[in-house]
Amino acid sequence: MTGSVLIIGGSSGIGLAAARRFAARGWTVTLAARSETALARAATGLAGARWQQVDVADRESVRRLFTDCGPVDVVVHTAMVMAYGRIDELDADVYRTVVRTGVEGSFHVAQAALAGFRSRGRGRLIMVNSLVGHIVSPQLGAYASAKWAQLALIRTLQLELRGEPGISVCSISPGGVNTPIYRQAANVTGRRPRPPMPVDQPDKVAAAIVHAAERPGRAPKEVSVGLANPLIRLGFGLLPKLYDVLVGPLLDRLSLLDRGAERTTGNVFAPVPGEEAERDRWTRRWSVSDRH
């Protein structure tokens, strides 16, 4: 199966990896993201790929995107921003923007995508959620708030579409992935973040996205990508006291290193095109002493 796909958040990370995999399999690809510079660079090497700037938090911007790109068979929504910091230390505008991007942005994309799908009687919306949409962690309250609410939106859509067999919504839930989102995150911890182990490469998540897009019939409700995801979710749900004891020290030791990092708003309020890339520097296994 091939067709046309719109990838929102396609200038970097998982979205860019998915774009390359779709293009290699003969799909017609349209990329969308906030930065025109990063989009133009990302489209290089993707034969026939189109691109258009969009801000998912702006409903009118999303409406223009879907009007201009025309009918598509699949919409992949990966756009997100991230923030590290205790709830009582985060700037209110940073928290609000992270949550708005994840929740209102997903709402705007879903409404526009479903309108197009219903006009043709078919279509598939694939939203990249997160392991953090199923658990919580200290220092990631803004991101968890956004991803839990996004997952609630996804599950509601799945229920509401039960009577429309040609249209489906799928959630992809990766764990730690080697993308620039950690480096680009807003951060008030004074330490440099990096993805939690085990770290998957973005192409692994992209493969799951393409498989969900090409699967005949209705898409699966959720695809988890990450070796440790089931264990972590099980611990969070069934062993909450043990989880609560361990999660803080593990995050502190394995995902927040290098004291002295400057406070930053990262790419929360505006894109940083020079830092957009499919991958960052992390491998599946890294030592606690790594300093990247």
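Criteria and thresholds
Residue numbering note: each chain is counted from 1, following its sequence as written. Owing to the predicted nature of the model, reporting of local features is limited to residues with pLDDT of at least 70; listing and counting of side-chain atom pairs is limited to 80 or more, with chain, interface and lining totals taken over all residues. Side-chain calculation: all heavy atoms of the structure are included, whereas hydrogens and water are not. Between rings of Phe, Tyr and Trp, where Trp is taken as its six-membered ring, a pair exists when centres lie within 6.5 Å; planes separated by under 30 degrees are stacked, by over 60 edge-to-face, and by other angles tilted. Buried, partly exposed and exposed residues are distinguished by accessible area as a fraction of the type maximum, computed with a 1.4 Å probe on protein chains only: under 20%, between the cut-offs, and over 50%, respectively. In DSSP terms, a helix is any run of H or I states spanning at least four residues, a strand is any run of E spanning at least two, and both are numbered starting from the N terminus. Throughout, a residue-residue contact means that at least one pair of heavy atoms, one from each residue, lies within 4.5 Å. Patch members must show over 30% relative accessible area and no salt bridge, and they are joined within 9 Å when carrying like charges or within 5 Å when they are nonpolar side chains of Val, Leu, Ile, Met, Phe, Trp or Tyr. Only the protein chains shown count as cover for residues, and all accessible areas are computed by the Shrake-Rupley method using a 1.4 Å probe. Definition used for salt bridges: Asp or Glu carboxyl oxygen within 4 Å of a side-chain nitrogen of Lys or Arg. Positive charges come from Lys and Arg alone, negative charges from Asp and Glu alone, with His and the N- and C-terminal ends not counted. Lysine's charge is taken at NZ, arginine's at CZ, aspartate's at CG and glutamate's at CD. Only strands that DSSP links by at least two bridges are regarded as paired with each other. Helix axes are fitted to C-alpha atoms over the stretch in contact, other axes to C-alpha atoms as well, and angles between N-to-C directions run from 0 to 180 degrees. Here, nonpolar core refers to any group of buried Ala, Val, Leu, Ile, Met, Phe, Trp, Tyr and Cys residues whose side-chain atoms link them within 4.5 Å.

### Some points on the packing of aromatic side chains
The full count for this structure, using the stated rule, is three aromatic pairs. With 5.0 Å between their ring centres and 70 degrees between their planes, Phe 22 and Trp 27 make a pair best called edge-to-face. A relative accessible area of 0% means that Phe 22 is categorised as buried. Aromatic pair Phe 236 and Tyr 243: ring centres 5.1 Å apart, planes at 80 degrees, arrangement edge-to-face. A residue is classified by how much of its surface remains accessible, and Tyr 243, at 11% relative accessible area, is buried.

### Re the environment of Val 128
Position of Val 128 among the secondary structure elements: in strand E6 (residues 123–128). Since its relative accessible area comes to 6%, Val 128 is described here as buried. For the pair Val 128 and Val 29, spaced 99 residues apart in sequence, the C-alpha to C-alpha distance is 17 Å. Residue contacts for Val 128: discarding those within four places in its chain leaves Ile 14, His 77, Thr 78, Lys 147, Gln 150, Ile 172, Pro 174 and Ile 209.

### Observations regarding a positive patch on the surface
On the surface, Arg 155, Arg 162, Arg 218 and Lys 221 cluster together into a positively charged patch. On the basis of relative accessible area, Arg 218 is assigned to the partly exposed category, the value being 33%.

### Description of the sheet that holds strand E10 (residues 222–225)
Sheet strands pair by backbone hydrogen bonding; their relative direction is either parallel or antiparallel. Spatial ordering of the open sheet is given by E3-E2-E1-E4-E6-E7-E10, a layout of seven strands whose pairing is parallel. In the strand order of this sheet, the two ends are held by strand E3 (50–53) and E10, each with one partner. Sheet twist, expressed as the mean angle between neighbouring strand axes with direction ignored, is 15 degrees. Across four bridges, the pairing between strand E1 (residues 4–8) and strand E4 (residues 74–77) is parallel. Each bridged residue has a counterpart across the sheet, and for Ile 7 the counterpart in E4 is Val 76. Sheet strands in contact with helix H4 (residues 92–120) are E1, E4, E6 and strand E7 (167–174), and its direction is about 165 degrees off that of E6.

### A few points about the nonpolar core
One broad trend across soluble globular proteins is that nonpolar side chains are buried collectively. Judged by nonpolar contacts, the single largest core of 33 residues is most densely connected at Ile 7, Phe 22, Val 29, Leu 31, Ile 126, Ile 172 and Ile 209. Counting residues per element, the ones that place at least two in this core are E1, helix H1 (13–24), strand E2 (28–33), helix H2 (36–43), E4, E6, E7 and helix H7 (202–214). Examining the composition of this core, we find that seven residues originate from one element, H7, more than from any other. Once you skip the residues sitting within four places of it in the chain, Ile 209 turns out to touch Ile 14, Ala 18, Phe 22, Val 76, Ile 126, Val 128 and Ile 172. Membership of the second largest hydrophobic core comes to 26 residues, among which are Leu 6, Val 56, Val 109 and Leu 161.

### Details of the pattern of salt bridges
Counted according to the given criterion, the structure contains 16 salt bridges. Close ionic contact of Arg 96 with Asp 93 constitutes a salt bridge, the shortest N to O distance being 2.4 Å. Of the two residues, Arg 96 and Asp 93 both sit in helix H4, three residues apart, roughly one turn of that helix. Judged by relative accessible area, which is 48%, Arg 96 ranks as partly exposed. Accessibility expressed as a relative area gives 41% for Asp 93, which makes it partly exposed. Beyond isolated ion pairs, a larger network of salt bridges with shared partners links Arg 20, Glu 278 and Arg 279.

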